[in-house]
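Chain residues, written in single-letter form:
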Amino acid sequence: MKLKKFEGNPILSPNPENDWENLVVCNPGVYYDNGKFYMLYRAAGDDEEHVIRFGLAISDDGYHFERVSDEPVLGPSDEGPDMGCIEDARIIKLDDYYYVTYAFRPFPPGQYWKFRHDEVLTSDHGPHAPHFIKKNMANSALAMTKDFKNWIKLGRITDSNLDDRDVILFPEKINGKYAMLHRPKEWVGESYSLDKPAVWIRFSDDMLLWKEPSTMLIAGINGGWEEKVGGSTPPLKTDRGWLVLYHGVENGGLGYYRVGAVMLDLEDPTKIIGRTKDYIMEPEFDYEIEGYYKGCVFPTGNMIIDDTLYVYYGGADKYIGLATCNVNELIEFTLSKEQNS
């Protein structure tokens with residue numbers, strides 16, 4: 001089974017009229033509420049430092065989006081740990097507030113596609129500078145808003161000495177606790193029984209304080225399309241379990257980013273009850289291959305409306321695409337004996 005890509009993709013592209021989004025528009029958080037689709041997208045202009053911000057677009061049908069402003073709706077702070085960039089929003093809603101997790105850095109990363117993989121700009125701040133500053137490390141933070149225009153930044157929710165991105169909250173409490181997916185890059189080696197970073201799950205009584213032990217949830221599989229993995233979209237509650245999309249990267253071959261799915265137990269999401277052996281989406285078209293990462297589909301937003309799953313993704317670190325499927329067919333596929341043998 002494969003997700004069906006919208007023939008009108010990309011649904012959002014860099015805007016040459018705005019210098020803050022004339023180079024990159026990708027990796028959107030999307031939420032459907034009261035008949036409207038809200039898209040909080042990652043944007044960057046053609047500046048050497050590569051400062052990254054959020055823009056906002058809205059839609060009535062989920063396919064055709066219009067920008068709401070010529071200005072970003074959220075950006076790095078003038079002073080503080082997120083001075084460099086904010087990126088890759090994931091959105092949930094609790095009561096009247098949208099809660100948005102996002103990655104950030106203390107300094108802009110630079111045009112990273114010109115460096116070796118996983119390298120960013122750094123500078124010398126002396127021998128006593130914290131690891132976070134020395135490495136220009138990516139951490140994750142939380143913000144809240146009622147309208148995607150007026151924001152409360154709540155600050156860091158991951159450890160400052162870990163490169164911990166792809167942080168995603170569950171959209172409701174589970175057994176009285178908040179739940180988070182995260183992917184700390186440094187949790188590898190003999191003590192973790194992992195040779196590559198994995199997706200972990202942890203719980204908390206407070207969305208800003210995550211100190212309970214994490215449980216390893218999704219590990220990569222050597223020799224295939226998902227040797228290195230990370231979380232992608234917010235979990236979606238269904239009557240069969242929590243549906244979660246994740247991304248996988250092959251080490252050899254083309255190095256493509258592809259997409260898989262897991263189903264987690266509703267009452268105990270540390271238990272995987274189904275996982276796709278085969279990927280459900282891969283780079284195929286120019287807007288997914290010819291960009292700043294050549295060969296990448298990276299979902300960051302998804303919603304179920306009626307029986308349709310809408311999946312919003314970054315293409316090649318430059319564009320935004322949409323793919324859909326019948327959600328019941330995807331659930332059956334993810335739980336099937338064939339995929340879990």
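Just above, that's the structure.
What you see is a predicted model, and the numbers here were worked out from it, not measured in a lab. (Residues numbered from 1 in each chain as written. Predicted model: local features only at pLDDT ≥ 70, side-chain atom pairs only at ≥ 80, totals over all residues. Heavy atoms only, no water.)

(A) Broad picture of the nonpolar core. By size, the foremost hydrophobic cluster in this structure holds 22 residues, and its most contacted members are Leu 40, Phe 54, Ile 91, Tyr 102 and Trp 151. Where this core is concerned, the elements lending two or more residues are β4 (52–59), β6 (85–94), β7 (97–105), α1 (131–134) and β8 (139–145). Of all the elements, β7 adds the most residues to this core, at 4 residues. Ile 91 has contacts with Gly 29, Val 30, Tyr 31, Leu 40, Tyr 98, Tyr 99, Val 100, Phe 148 and Pro 234, leaving out every residue within four places of it along the chain. Grouped together as the second largest cluster of nonpolar side chains are 21 residues, Ala 261, Val 297, Ala 323 and Leu 330 included. (Core = buried A, V, L, I, M, F, W, Y, C linked by side-chain atoms within 4.5 Å. Buried < 20%, exposed > 50% of the residue type's maximum accessible area, 1.4 Å probe, protein only. Helix = DSSP H or I, 4+ residues; strand = E, 2+ residues; numbered from the N terminus. Contact = heavy atoms within 4.5 Å.)

(B) Representation of the pairing of strand β14 (residues 228–231) within the structure. The alternating pattern of β14 places Lys 228 and Gly 230 and Val 229 and Gly 231 on opposite faces, both of which are buried. In terms of strand pairing, β14 meets strand β16 (residues 241–249) through 4 bridges, oriented antiparallel. Bridge pairing in β16 links Gly 230 to His 247. (Pairing = 2+ DSSP bridges.)

(C) Molecular detail of the sheet that holds strand β13 (residues 215–218). Reading across the sheet, the 4 strands line up as β10-β11-β12-β13 and stay open at both edges, with antiparallel pairing between neighbours. Looking along the sheet, the strands with just one partner apiece sit at the ends: β10 (164–169) and β13. Within this sheet the neighbouring strands show an average axis-to-axis angle of 35 degrees, counted without direction. Sheet topology note: the strand β12 (residues 199–204)/β13 ladder contains 3 bridges and is antiparallel. Looking across to β13, one finds that Val 199 is bridged to Ile 218. (Axes fitted to C-alpha atoms, helices over the stretch in contact; angles between N-to-C directions.)

(D) The arrangement of the pattern of salt bridges in detail. Inspection of the entire model under this criterion finds 23 salt bridges. The partner of Lys 185 in a salt bridge is Asp 118, with the nearest N and O atoms 2.9 Å apart. Taken together, the residues span a long stretch of sequence, with Lys 185 in the loop between β11 (178–184) and β12 and Asp 118 in the loop between β7 and α1 at a distance of 67 residues. In this structure, Glu 290 engages Lys 294 in a salt bridge whose closest nitrogen and oxygen atoms are separated by 3.5 Å. (Salt bridge = Lys/Arg side-chain N within 4 Å of Asp/Glu carboxyl O.)

(E) Spatial organisation of the sheet that holds strand β1 (residues 4–5). The antiparallel open sheet is built from 4 strands, whose spatial order is β1-β21-β20-β19. At either end of the open sheet lies a strand with only one pairing partner, and these are β1 and β19 (297–305). When β1 meets strand β21 (residues 319–326), the two strands line up antiparallel, connected through 2 bridges. Residue pairing for β21: Lys 4 is matched across the bridge by Thr 324. Across the sheet, helix α3 (residues 327–335) lies against β19, β20 (308–315) and β21, angled at about 80 degrees from β21, the strand it touches most.

(F) Structural context of the environment of Trp 210. On the secondary structure map, Trp 210 appears in the loop between β12 and β13. In this structure, the C-alpha to C-alpha distance between Trp 210 and Ser 140, residues 70 residues apart in sequence, is 12 Å. Setting aside chain neighbours within four positions, we find Trp 210 in contact with Ile 157, Leu 169, Tyr 178, Ala 179, Met 180, Arg 202, Phe 203 and Ser 204. Looking at Trp 210, its side chain comes within polar contact range of the main-chain oxygen of Met 207, at 2.6 Å. (Polar contact = N/O pair within 3.5 Å; in protein donor to acceptor, adjacent residues only side chain to side chain.)

(G) Structural view of a negative patch on the surface. There is a patch of like negative charges on the surface, built from Glu 17, Asp 19, Asp 70 and Glu 71. For Glu 71, the position within the fold is in the loop between β5 (66–67) and β6. The class for Glu 71 is exposed, based on a relative accessible area of 52%. (Patch = residues over 30% accessible without salt bridge, like charges linked within 9 Å, V, L, I, M, F, W, Y side chains within 5 Å. Areas by Shrake-Rupley, 256 points an atom, 1.4 Å probe, with all protein chains shown as cover. Lys, Arg positive; Asp, Glu negative; His and termini not counted. Charge placed at Lys NZ, Arg CZ, Asp CG, Glu CD.)

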